[in-house]
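Residues per chain are reported as follows:
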Amino acid sequence: MDGNGRWAKKRHQPRKLGHRAGQKALRAVVEHCVRRGIGTLTVFAFSSENWGRPAHEISNLMELFLRALDKEASELHQNGVRLRFIGDKTGFTSTLQEKMLAAETLTANNTKLVVNIAANYGGRWDITQAARRMAQSFADGKLVSGEIDEQQFGNFLALAESPDPDLFIRTGGEMRISNFLLWQSAYTEFYFTPVLWPDFDEHELDQAITAFQSRERRFGYTSEQLTGSSDA
Ligand code: FPP
């Protein structure tokens with residue numbers, strides 16, 4: 001969800017108004033995902049590296065997360081949305097951690113749409129914490145090292161319960177992954193748009209989905225193999 005700061009700057013407003021507009025955009029996108037029958041939406045709300053931002057911006061963001069949880073969790077619940085947080089929660093205040101846990105518990109049985117919010121998340125952090133927990137399992141005698149495969153490793157990652165993403169959307173014009181779902185995006189289709197996140201609406205999401213639908217996903221196979229044509 002990149003571009004909140006630039007969106008605000010263009011309007012000569014403080015960055016926090018950009019983040020607030022970003023929250024509105026997220027709400028609209030979540031609602032549209034429900035309408036489009038999308039099963040899982042994972043958003044990058046705060047990276048492990050974002051702690052390096054100026055202290056006042058971090059405190060604005062933390063305040064916004066707190067208020068958003070208070071305001072949105074019950075409405076999301078009423079709409080059948082399950083909320084999950086991925087990332088190192090221990091980096092947040094105990095109040096925020098409690099609210100995250102409460103929202104996860106409240107929405108745990110909802111099945112319409114799973115919204116994973118990546119907060120204090122980094123793809124390398126995720127792979128490292130999975131390796132650490134796997135090593136512990138091995139030390140506890142629950143795992144045989146020679147039997148470790150991709151599937152087993154994936155079970156230790158933060159998104160173990162979610163399928164690999166089909167489509168990755170980055171707003172704001174940058175064309176990089178910035179330490180998002182490094183393991184999970186091995187065969188994800190990438191879509192980059194210059195649209196700043198607060199301007200990303202239902203129409204923009206539809207456009208991204210249309211672009212996705214025109215891609216041929218080969219997963220390492222040939223086109224002929226996938227279509228079953230005679231050259232296969
Ligand atoms: C990146 O834009 C955005 C963020 C670091 C914060 C994302 C937060 C929201 C969209 C608020 C709503 C989220 C939740 C979970 C309630 P940037 O600040 O890097 O923008 P810039 O590149 O234009 O400076």
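Everything below is about the structure printed above this text.
This structure is a prediction, so every number in the text was calculated from the model and none was measured.

1. Remarks on the site of the ligand
Taken together, the neighbourhood of the ligand is formed by 19 residues, with Asp 2, Gly 5, Arg 6, Arg 15 and Arg 53 sitting nearest. A distance of 3.2 Å is found between an oxygen atom of the ligand and a backbone nitrogen or oxygen belonging to Asn 4. One of the side-chain N or O atoms of Arg 15 is found 2.9 Å from an oxygen atom in the ligand. In the complex, the protein chains occlude 90% of the 630 Å² of accessible area that the ligand would expose alone.

2. A closer look at the packing of aromatic side chains
Two aromatic rings are characterised by how far apart their centres lie and by the angle between their planes. Applying the stated criterion to the full structure yields 15 aromatic pairs. For the ring pair Phe 168 and Phe 190, a centre distance of 4.6 Å and an interplane angle of 40° mean the geometry is tilted. You can see Phe 168 sitting in strand 4 (residues 167-170) and its partner Phe 190 sitting in strand 5 (residues 189-192), a full 22 residues away along the chain. Residue classification places Phe 168 among the buried positions, given a relative accessible area of 10%. Note on Phe 190: relative accessible area 27%, which makes it partly exposed.

3. With respect to the packing of helix 3 (residues 55-78) against helix 4 (residues 94-106)
Where helix 3 contacts helix 4, the two axes come as close as 10 Å, and the packing angle between them is 15°. Overall, the two elements helix 3 and helix 4 adopt an arrangement that is roughly parallel. As helix 3 packs across helix 4, the resulting crossing turns out to be left-handed. Judged by residue contacts, Met 62, Phe 65, Leu 66, Leu 69, Asp 70, Ala 73, Ser 74 and His 77 of helix 3 engage Thr 95, Leu 96, Lys 99, Met 100, Ala 103 and Leu 106 from helix 4. Within the contact of helix 3 with helix 4, the residues separate by chemical class into nine nonpolar, three polar and two charged.

4. Comments concerning a nonpolar patch on the surface
The grouping of Tyr 187, Phe 219, Tyr 221 and Leu 226 at the surface amounts to a nonpolar patch, some 440 Å² of accessible area in total. By the element assignment, Leu 226 lies in helix 8 (residues 223-227). Given the relative accessible area of 41%, Leu 226 is considered partly exposed.

5. Thoughts on the pattern of salt bridges
Inspection of the entire model under this criterion finds 13 salt bridges. The closest approach of N and O atoms between Arg 15 and Glu 57, which form a salt bridge, is 2.7 Å. Here Arg 15 is found in helix 2 (residues 15-36), whereas its partner Glu 57 is found in helix 3, with 42 residues between them in sequence. Given a relative accessible area of 38%, Arg 15 falls into the partly exposed group. A salt bridge links Glu 104 to Lys 89; the shortest N-O distance between them is 3.7 Å. Of this pair, Glu 104 sits in helix 4 while Lys 89 sits in the loop between strand 2 (81-86) and helix 4, placing them 15 residues apart in sequence. Judged by relative accessible area, Glu 104 falls into the buried class, the value being 16%. Linked through salt bridges whose partners overlap, the residues forming this network are Asp 2, Arg 6 and Arg 170.

Rules used in this analysis
- Residues numbered from 1 in each chain as written.
- Predicted model: local features only at pLDDT ≥ 70, side-chain atom pairs only at ≥ 80, totals over all residues.
- Heavy atoms only, no water.
- Near = heavy atom within 4 Å.
- Polar contact = N/O pair within 3.5 Å; in protein donor to acceptor, adjacent residues only side chain to side chain.
- Areas by Shrake-Rupley, 256 points an atom, 1.4 Å probe, with all protein chains shown as cover.
- Phe/Tyr/Trp six-rings, centres within 6.5 Å; stacked < 30°, edge-to-face > 60°.
- Helix = DSSP H or I, 4+ residues; strand = E, 2+ residues; numbered from the N terminus.
- Buried < 20%, exposed > 50% of the residue type's maximum accessible area, 1.4 Å probe, protein only.
- Axes fitted to C-alpha atoms, helices over the stretch in contact; angles between N-to-C directions.
- Parallel < 35°, antiparallel > 145°, perpendicular 65-115°, else oblique.
- Left-handed = near helix turned anticlockwise from the far one by under 90°.
- Contact = heavy atoms within 4.5 Å.
- Nonpolar A, V, L, I, M, F, W, Y, C, P; charged D, E, K, R; others polar.
- Patch = residues over 30% accessible without salt bridge, like charges linked within 9 Å, V, L, I, M, F, W, Y side chains within 5 Å.
- Salt bridge = Lys/Arg side-chain N within 4 Å of Asp/Glu carboxyl O.

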